[in-house]
Amino acid sequence: MKRYVYINDDNLAQDLYCDNRISNRKYTIWNFLPKNLWEQFSRFMNQYFLLIACLQLWSLITPVNPASTWGPLIFIFAVSAIKEAWDDYNRYLSDKKANEKEVWIVRQGIRKLIQAQDVRVGNIVWLRENDEVPCDLVLLGTADPQGICYVETAALDGETDLKTRVIPSACMGIDIELLHKIKGVIECPGPDKDIRRLDANMRLFPPFLDNDMFPLTIKNTLLQSCYLRNSEWACGVAVYTGNETKLGMCRGVPEPKLTAVDAMIDKLTGAIFVFQIVVVIVLGIAGNVWKDTEARKLWYVRYPKQGPWYELLIIPLRFELLCSIMIPISIKVSLDLVKGLYAKFIDWDDHMVDLETKTRSNAANTAISEDLGQVEYILTDKTGTLTENKMIFKRCCISGRFYGNENGDALTDTELLNAVSSGSADAIRFLKVMAICNTVIPVRSKSGAISYKAQSQDEEALVRAAARLHMVLANKNGNILEINLNASLLQYEVLDILEFTSERKRMSVVVKDCQSGKIFLLSKGADEAILPHSHAGQEIRTYAETVEQYAQLGLRTLCLAWRELDDDEYQEWSLIFKEANSTLIDREWRVAEACQRLEHDLEILGVAAIEDRLQDGVPETIATLRKAGINFWMLTGDKQNTAIQIALSCNFVSPEPKGQLLMVDGKTEDEVCRSLERVLLTMRITNTEPKDVAFVVDGWALEIALKHYRKAFTELAILSRTAICCRVTPSQKAQLVELLKTCDYRTLAIGDGGNDVRMIQQADIGVGISGREGLQAARAADYSIGKFRFLKRLILVHGRYSYNRTAFLSQYSFYKSLLICFIQIFFSFISGVSGTSLFNSVSLMAYNVFYTSVPVLVSVLDKDLSERTVMQHPQILFYCQAGRLLNPSTFAGWFGRSLFHAIVVFAITIHSYALEKSEMEEVSMVALSGCIWLQAFVVALETNSFTVLQHLAIWGNLVGFYAINWIVSAIPSSGMYTIMFRLCKQPLYWITMILIVAAGMGPVLALKYFRYTYRSSKINILQQAERLGGPILSLGNIESQTRTLEKDLSPLSISLPKNRNSSVYEPLLTESPNSTRRSLGAGAPFDFFQSQSRLSSNYSRNCKDN
């Protein structure tokens, strides 16, 4: 929908569009309570607990005081609500600060100072140097006579280099005094979030101009949150305000990501719910049968002869309320709390600080840390991610002559220096294109030194190299460029700029020589975007071979070209280009078509080669993560040979003969089909051999493969551990991430630029590098790091620890709830299956909220292995990737443990106290004490590394249990008056506790000893080596068996997961040989020194013994 902005017209600006009030708040004072409750109760589990709490208000069926459920429920809801309120209050303060900033506007020809929130669409806003732009403005005037100003857009896109903005041609020459009275209309599209594009038109009313229409682009705008720099003043008309600015449209809460652990917990919760319903039905039927048979025979049980119609539902509902604690009400709050701590551990990690920029790692998403430990595929950008993005001009080829080949540096090549000093026409034209065809801004300091501000590191490298070779870009004054060449001044007028796009892959400028009046088109770009447009008769084979030669050295290449334009040709084309820039519909496509009309019959001048060095630690990081079983894909827009050389140098793939590269290429469907078939056949054969195989595909072939041969390409993706995808677009990067996700792989995407944002947001985990291309990727990512090498620690240390801790915490939460519930069920068998509760309401509420929560929360400090050991043996990440610590099998172990411990507690308690004619409250307290003692020892046994805080939490909580109950026992109205005092004085009580601990923990300790001694996992062996203090043996000496894929693997064959036989430590009562999310096959222990391709659970993963 179009909008019409009337410039400097207060009457029309008042009510058509929103004001400039910024609001990022989620709630208001009036809607906070209902809206927050609605959000919380939109979750099924909360609805379930609310239903249970409401049923407990029915006194006829509730076995306990409703406070036992309402208390924890209100507490948990209150914690969530307070957190939301605090976050929203901080957003309110931030909005208030921005809204109340003072800005200058023009009203009725007078400059006034108002608050930013009062700016309206159509108002003229006046900015001074270093002012923040309060809304989206179209420039009308600047202090510079040429209508130029400079803005810093770091707050918008993270790019720190200054950008040039220019007033529309319609406003050129308007005096500063007349700007207060300017009138006109701007036709622009409705609000959108594309910060790199604006397709609009402007008309100024007489007497300024006679209704002529002028196109507007993003270069004519100042966007909200940018800062005016190096310019005395600027003014513009507000076109988008408030939350309708481009920045405001970009705001919003991203879609929450569901981790594999969360998905598993949901499945286990569903299974427990089904089990609970079955138990309720069985016990409900048994209770009704016992009531109608045995109960009526007992003189002290006075059931009415005829009850109400709902009588049969009373006992089942009582058991439903009694068994509702099977699902721990506190699990979500506990997980949210510890996940927040995981994120803080990443923020606080001093080993992940980029010392060069002082940039710390940051976890923007606090909910997915455990997924880091289950990553299977890493998809990475190349430039700025694997490399430093510090471009250095190294070599060039000018008119067939090579410079820099001997010493590796063209800037010190005497032949090139002599060619420039002697005025060689070929060399001079080549350097002119390097110095002029760009958007670089020269900035002269007070001392006279020239520095350059560039949006592209390639352009900055070319301009600096040209300056070193005496072709100095000295000044940009509006459209006039000044070039110093060997002490002589050259001036060129920039007539038009044909901007670079990822589709065109080239940039051109049309310039006019101010001395001769001749018009030239200067172009630079990728070889496939420049060489095919050369004029007929020019030999381009030399340049194509040069590009290949430079690419083999891992250098980035750009082809440079130019041609002279006739005045008539330019004037005719200029009208087409202007018309294309003026349209509001399909402007981008029409501009590209207009550019195509001019960029032909080019004279190729030569090839420039730029070096982009690898970051420190990249090869080591990739090698380590590959040992951990993680597969790597490189997605880059660079040329194929350049990408291959970088891949070889950073351990993506091994060189021949150990490694093998398979090419997927072709320009037609048939060519791509044949190439895919050939590569797939080779891949199936080589998967039976210990060979490192990778496939290489370019953007053109990838487009055809994804569109027409998606099934075959999916099989290729599954079979290959490594892929190198060249010349790919941002949308293709996102498509590849989605492809791997559909195969049920956990993906991590890492990049550093704006072109990586879609890929980062599409992946299960997005990691952004705070690099030289700005902070766009880092801001869009779940995690941001300063260097690629920190990825190793992020995954192996933080990801692995987070997964292990969450796996324990979630299963322990179910264990403690099932333990108390099973005791309640056992008690029902000696209480007439009536649904009577053994425990009182206060004990149940304290059990869930206080007694069992504190010790387990300190599990966030637990480390099964030291960080050093984890980094030395990355292969152990396999246990996390395969989901070996949290799955139905391990959960069955915890389920069995809770059942066993419930039997122990109940049997010993009943035999010790029930026959002694003890009070019901005494039996209840003994059973509860037994549960607390057992859980203290369970947490202690499962803890691998103790700290003072953990000891304090585990044993201090046990002391706290007695302290709380002594206090409650001193209150006459508590229902527990003097009970704890009496129990603690009885030797039988302490003997009972000792018996419960011995009987409950004895088998657990025995099983653990057996596993550590006779069925040690790799983790167990490393733990033993750490505790003995000796050297850690190579895991290869322990298990050297390799595994291979089945030779008869059929394309996309489907098979059921097989059992795993490699042993892993798991809880009591489960051997768990088949506990895995993805199977490697029967009888094939995981090989820690040969990481093979791992097929999705949807595809064949069968393995054979060697």
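Keep in mind that what you see is a predicted model, and the values were worked out from it rather than measured. Residue positions are given per chain, counting from 1 as you read along its sequence in written order. Reporting of local features is limited, given that this is a predicted model, to residues whose pLDDT is at least 70; pairs of side-chain atoms are given and counted only at 80 or more, and all residues count toward the totals for whole chains, interfaces and linings. Note: side-chain values were computed over all heavy atoms of the structure, leaving out hydrogens and water.

Enquirer: An account of the overall build of the chain is needed here, citing residue identities and associated values.
Expert: Comment: elements are numbered from the N terminus, with helices defined as DSSP H or I runs of at least four residues and strands as E runs of at least two. Of regular secondary structure, the chain possesses 35 helices and 37 strands. Only protein chains enter the accessibility calculation, which uses a 1.4 Å probe; a residue whose area is less than 20% of its type maximum is buried, one above 50% is exposed, and one in between is partly exposed. Out of the 1106 residues belonging to the chain, those deemed buried represent 56%. A contact between two residues is defined here by any heavy atoms of the two lying within 4.5 Å. The long-range share in the chain, meaning contacts at least 24 apart out of those at least 6 apart in sequence, stands at 73%. In short, Shrake-Rupley with a 1.4 Å probe defines the accessible areas, and a residue's cover is counted only from the protein chains shown. Accessible surface computed for the chain: about 46,700 Å², of which carbon and sulfur atoms make up 57%.

Enquirer: I'd like to hear about the sheet that holds strand E35 (residues 783-785), residue by residue, with values.
Expert: For two strands to pair, DSSP has to find at least two bridges joining them. One open sheet holds the nine strands; their spatial order is E16-E35-E34-E33-E17-E29-E32-E31-E30, and the pairing between them is mixed. For this open sheet the edge positions go to strand E16 (362-363) and strand E30 (659-664), each flanked by a neighbour on one side alone.

Enquirer: Break down the side chain of Asp 756 for me, with residues and values.
Expert: Tracing the backbone shows Asp 756 in the loop between strand E33 (747-751) and helix H23 (757-762). When its relative accessible area of 0% is taken as the criterion, Asp 756 is described as buried. Side-chain atoms alone can form a polar contact between residues adjacent in sequence; in general such a contact is a pair of N or O atoms within 3.5 Å, and within protein one must be able to donate a hydrogen while the other accepts it. Only 3.1 Å separates the side chain of Asp 756 from the backbone nitrogen of Asp 752, close enough to count as a polar contact. Residues within four places of Asp 756 in sequence aside, it is in contact with Asp 381, Lys 733 and Gly 751.

Enquirer: Let's hear about helix H34 (residues 987-1014): which residues, and what values?
Expert: An α-helix turns once per 3.6 residues; consequently, residues spaced three or four apart project the same way. For H34, built from 28 residues, the straight-helix expectation of 40 Å at 1.5 Å per residue is met to within 8% by its first-to-last C-alpha distance of 39 Å. At Met 1001, H34 shows its largest kink, close to 35°, and the proline Pro 1003 lies no more than four residues downstream. Contact partners of the buried residues in H34: helix H30 (888-913), helix H31 (920-942), helix H32 (948-969), helix H33 (979-984) and helix H35 (1018-1028). Here, expected helix span is obtained from the residue count minus one, scaled by 1.5 Å. Axes are fitted to the seven residues ending at a residue and to the seven starting at it; the angle between these axes is taken as the bend at that residue.

Enquirer: I'd love a proper account of the packing of H31 against H34, names of residues and values included.
Expert: For helices, the fitted axis covers only the stretch in contact; all axes are lines through C-alpha atoms, and the angles between them, taken along N-to-C directions, range from 0 to 180 degrees. Interhelical geometry of H31 versus H34 gives an angle of 35° and a closest axis separation of 9 Å. The interaxial crossing formed by H31 with H34 has right-handed handedness. Between H31 and H34, the residues in contact are Val 926, Ser 929, Gly 930, Trp 933, Leu 934, Phe 937, Val 938 and Leu 941 and Tyr 989, Trp 990, Thr 992, Met 993, Ile 996, Val 997, Gly 1000, Met 1001, Val 1004, Leu 1005 and Lys 1008, respectively. Side-chain classes follow a simple rule in which Ala, Val, Leu, Ile, Met, Phe, Trp, Tyr, Cys and Pro form the nonpolar group, Asp, Glu, Lys and Arg form the charged group, and the remainder, Gly included, forms the polar group. When grouped by side-chain class, the residues that make up the contact of H31 with H34 number 14 nonpolar, four polar and one charged. A crossing counts as left-handed when the near helix is turned anticlockwise from the far one by less than a right angle, and as right-handed when that turn is clockwise.

Enquirer: Got a sec to walk through the packing of aromatic side chains? Specific residues and values, please.
Expert: Centres within 6.5 Å make a pair out of two Phe, Tyr or Trp rings, where for Trp the six-membered ring is used; the pair is then stacked when the planes are under 30 degrees apart, edge-to-face when over 60, and tilted otherwise. Under the definition given, this model contains 32 aromatic pairs. When the ring of Trp 633 is compared with that of Phe 695, the centres are 5.6 Å apart and the planes differ by 85°; the resulting orientation is edge-to-face. Of this pair, Trp 633 sits in strand E29 (residues 631-635) while Phe 695 sits in strand E31 (residues 692-698), placing them 62 residues apart in sequence. A connected cluster of aromatic rings, assembled from ring pairs, spans Phe 275, Phe 822, Phe 826, Phe 895 and Phe 906. The ring of Trp 894 carries the charged tip of Arg 897 above its face, separated from the ring centre by 4.5 Å. Any Lys NZ or Arg CZ found within 6 Å of a ring centre and within 35 degrees of that ring's normal is scored as a charge over the ring.

Enquirer: I'd like a rundown of the nonpolar core, residues and numbers included.
Expert: Ile 378, Leu 748 and Leu 791 are the most contacted members of the largest nonpolar core, which has 147 residues in total. It is helix H25 (residues 790-829) that provides the largest number of residues to this core, a total of 23 residues. Contacts of Leu 748, omitting those with residues within four sequence positions, involve Leu 372, Val 375, Tyr 377, Ile 378, Leu 379, Ala 763, Ile 765, Val 767, Leu 791 and Ile 795. If you look at the next biggest cluster of nonpolar residues, it comprises 49 residues, including Ile 105, Val 125, Leu 156 and Trp 233. The term nonpolar core refers to a set of buried residues drawn from Ala, Val, Leu, Ile, Met, Phe, Trp, Tyr and Cys, joined through side-chain atoms within 4.5 Å.

Enquirer: Account for the pattern of salt bridges, naming residues and giving values.
Expert: Pairing between side chains of opposite charge can happen when the charged atoms of each approach one another. Every case where a carboxyl oxygen of Asp or Glu lies within 4 Å of a side-chain nitrogen of Lys or Arg is listed as a salt bridge. Across all of its chains, the model carries 41 salt bridges by this definition. Taking the shortest distance from any N to any O, the salt bridge between Glu 611 and Arg 613 comes out at 3.3 Å. Assessed through its relative accessible area of 22%, Glu 611 is described here as partly exposed. Residue Arg 613 is classed as partly exposed on the basis of its relative accessible area, which comes to 44%. Here Lys 863 ties to Glu 867 by a salt bridge, and the two come within 3.1 Å at their closest N and O atoms. Here Lys 863 falls in the partly exposed class, since its relative accessible area comes to 31%.

Enquirer: How would you summarise the confidence of the model for the chain if you had to cite specific residues and measurements?
Expert: Every residue gets a pLDDT, meaning the predictor's confidence in that residue, from 0 to 100. Looking at the chain, pLDDT values average 82 and 87% of them are 70 or higher. Across the chain, strand E26 (residues 519-525) holds the top mean pLDDT of 94, while strand E37 (residues 1103-1105) sits lowest at 33. Note that pLDDT drops below 50 for residues 1037-1106; the model gives that stretch 212 contacts with residues more than four away or on any other chain.

Enquirer: Talk me through the sheet that holds strand E9 (residues 200-204); I want residue IDs and the actual numbers.
Expert: Spatial strand order, E1-E8-E9-E10: four strands in an open sheet with antiparallel pairing. In the strand order of this sheet, the two ends are held by strand E1 (3-7) and strand E10 (213-216), each with one partner. Pairwise comparison of adjacent strand axes, ignoring direction, gives a mean angle of 25° for this sheet.

Enquirer: Kindly report on the pairing of strand E22 (residues 471-477), identifying the contributing residues and their values.
Expert: Note that E22 and strand E23 (residues 480-485) share six bridges and pair antiparallel. Looking across to E23, one finds that Val 472 is bridged to Asn 484.

Enquirer: Give a detailed account of a negative patch on the surface, specifying residues and quantitative values.
Expert: Patches were defined on residues exceeding 30% relative accessible area and lacking a salt bridge, with like-charge contacts within 9 Å and nonpolar side-chain contacts (Val, Leu, Ile, Met, Phe, Trp, Tyr) within 5 Å. Counted as positive: Lys and Arg. Counted as negative: Asp and Glu. His and the chain ends are not counted at all. Charge placement uses NZ in Lys and CZ in Arg. For Asp and Glu, CG and CD serve respectively. Judged by side-chain charge, Glu 564, Asp 566, Asp 567, Asp 568 and Glu 572 come together as a negatively charged surface patch. Tracing the chain through its elements places Glu 564 in strand E27 (residues 556-565).

Enquirer: Could you give an account of helix H15 (residues 567-582), with specific residues and numbers?
Expert: In this model H15 runs 22 Å from its N-terminal to its C-terminal C-alpha over 16 residues, within 8% of the 22 Å that 1.5 Å per residue would give. For H15, the complete set of buried residues consists of Tyr 570, Trp 573, Ser 574, Phe 577, Ala 580, Asn 581 and Ser 582.

Enquirer: Break down the environment of Ile 272 for me, citing the residues and quoting the values.
Expert: With respect to the helices, strands and loops of the structure, Ile 272 is situated in helix H7 (residues 260-293). Excluding residues that lie within four positions of it along the chain, Ile 272 makes contacts with Met 326, Ile 327, Phe 814, Leu 818, Phe 891 and Phe 895.

Enquirer: Requested: an account of a nonpolar patch on the surface, with residues and values cited.
Expert: Residues Trp 86, Tyr 89, Tyr 92 and Leu 93 make up a contiguous nonpolar surface patch of roughly 420 Å² in combined accessible area. Residue position: Leu 93 is located in helix H4 (residues 67-99).

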